[in-house]
Amino acid sequence: AVGQSGFKVTTVRPAAFSSLLAITPTSAVPYLHAFSPPYKGMCATILGMTWARAAIFWGSDVGRALLNEHYPEMNPTARMLLPPLVSSIGVQCINMP
C-alpha cells in the first residue's frame with residue numbers, strides 16, 4: 001500500500017538513525033520513517049484503539065450477563081451476538097460521529 005500510494009520519504013533523516021538506516025533495506029525505510037519522531041497521532045491512535053477494545057469487551061461481558069439474567073428465554077445465539085454488536089456500534093458512533 002505504501003508503494004502504491006506514491007509515498008516518498010523526502011525529509012532529512014536524523015543523524016541518530018544514520019547507522020540504522022545504513023543496514024535497513026530500502027523497502028523498509030518508509031516504515032522506519034513512519035515510526036520515527038515526531039509521532040504524528042500515534043498516541044491518539046493507540047489510546048483510541050485501546051479504549052475501543054476495552055469498551056467492546058466490557059460491554060459484551062456486561063450485556064451478556066444482563067441478558068442471561070433478565071431474558072433467560074431469549075435465543076442463546078441472540079444473547080451471544082447482541083452484546084458485542086451493540087457495544088461495537090456504540091464505540092463506532094463515538095469514534096467516528
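Basis of the calculations
Residues numbered from 1 in each chain as written. Predicted model: local features only at pLDDT ≥ 70, side-chain atom pairs only at ≥ 80, totals over all residues. Heavy atoms only, no water. Helix = DSSP H or I, 4+ residues; strand = E, 2+ residues; numbered from the N terminus. Buried < 20%, exposed > 50% of the residue type's maximum accessible area, 1.4 Å probe, protein only. Contact = heavy atoms within 4.5 Å. Areas by Shrake-Rupley, 256 points an atom, 1.4 Å probe, with all protein chains shown as cover. Patch = residues over 30% accessible without salt bridge, like charges linked within 9 Å, V, L, I, M, F, W, Y side chains within 5 Å. Salt bridge = Lys/Arg side-chain N within 4 Å of Asp/Glu carboxyl O. Expected span 1.5 Å × (residues − 1). Bend = angle between axes of the 7 residues up to and from the residue. Polar contact = N/O pair within 3.5 Å; in protein donor to acceptor, adjacent residues only side chain to side chain. pLDDT = per-residue confidence, 0-100. Axes fitted to C-alpha atoms, helices over the stretch in contact; angles between N-to-C directions. Left-handed = near helix turned anticlockwise from the far one by under 90°. Nonpolar A, V, L, I, M, F, W, Y, C, P; charged D, E, K, R; others polar.

A word on the overall build of the protein chain. On a plain count of helices and strands, the protein chain comes out with five helices and zero strands. Going residue by residue from the N terminus, the α and β elements of the protein chain occur as α-α-α-α-α. The buried share of the protein chain, reckoned over its 97 residues, is 16%. For the protein chain, the share of sequence-separated contacts (at least 6 apart) that also reach a separation of at least 24 residues comes to 42%. For the protein chain, the accessible surface area stands at approximately 7,700 Å², while carbon and sulfur atoms represent 69% of it.

The grouping of Leu82, Leu85, Val86 and Ile89 at the surface amounts to a nonpolar patch, some 350 Å² of accessible area in total. The topology assignment puts isoleucine 89 in helix α5 (residues 76–95).

Bringing the side chain of serine 87 into the picture now. Its location among the elements puts serine 87 in helix α5. Relative accessible area serves as the criterion here: at 14%, serine 87 is assigned to the buried category.

This part takes up α5. Taking 1.5 Å per residue, 20 residues should reach 28 Å; α5 reaches 30 Å between its end C-alpha atoms and fits that length. A maximum bend of about 25° is found in α5 at leucine 82, where proline proline 83 lies one to four positions downstream. Residues of α5 that are buried: Arg79, Pro83, Ser87 and Val91. Looking at the packing, one finds that the buried side of α5 touches α4 (42–70).

Locating serine 60 in the fold gives a position in helix α4. Here isoleucine 56 takes part through its backbone oxygen, which lies 2.7 Å from a polar atom of the side chain of serine 60. The contacts of serine 60, once residues within four sequence positions are left out, are Pro83, Pro84 and Ser87.

To continue, consider α4. Look at α4: 41 Å from first C-alpha to last across 29 residues, which is about the 42 Å you get at 1.5 Å a residue. By the burial criterion, the buried members of α4 are Gly48, Ala52, Gly59, Ser60, Gly63 and Leu67. Next to the buried residues of α4 lie α5.

Another point: the confidence of the model for the protein chain. Summary statistics for the protein chain give a mean pLDDT of 82 and a share of 76% for residues scoring 70 or more. Across the protein chain, the secondary-structure element scoring lowest on mean pLDDT is helix α1 (residues 2–5), at 59, and the one scoring highest is α5, at 94.

Glancing now at the packing of α4 against α5. Where α4 meets α5, the closest approach of the two axes is 8 Å, and the angle between their N-to-C directions is 145°. Between α4 and α5 lies a crossing whose hand is right-handed. Along the contact surface, α4 presents Gly48, Trp51, Ala52, Ala55, Ile56, Gly59, Ser60, Gly63, Arg64, Leu67 and Asn68, while α5 presents Arg79, Leu82, Pro83, Pro84, Ser87, Ser88, Val91, Ile94 and Asn95. Its residues assigned to classes, the contact of α4 with α5 comprises ten nonpolar, eight polar and two charged.

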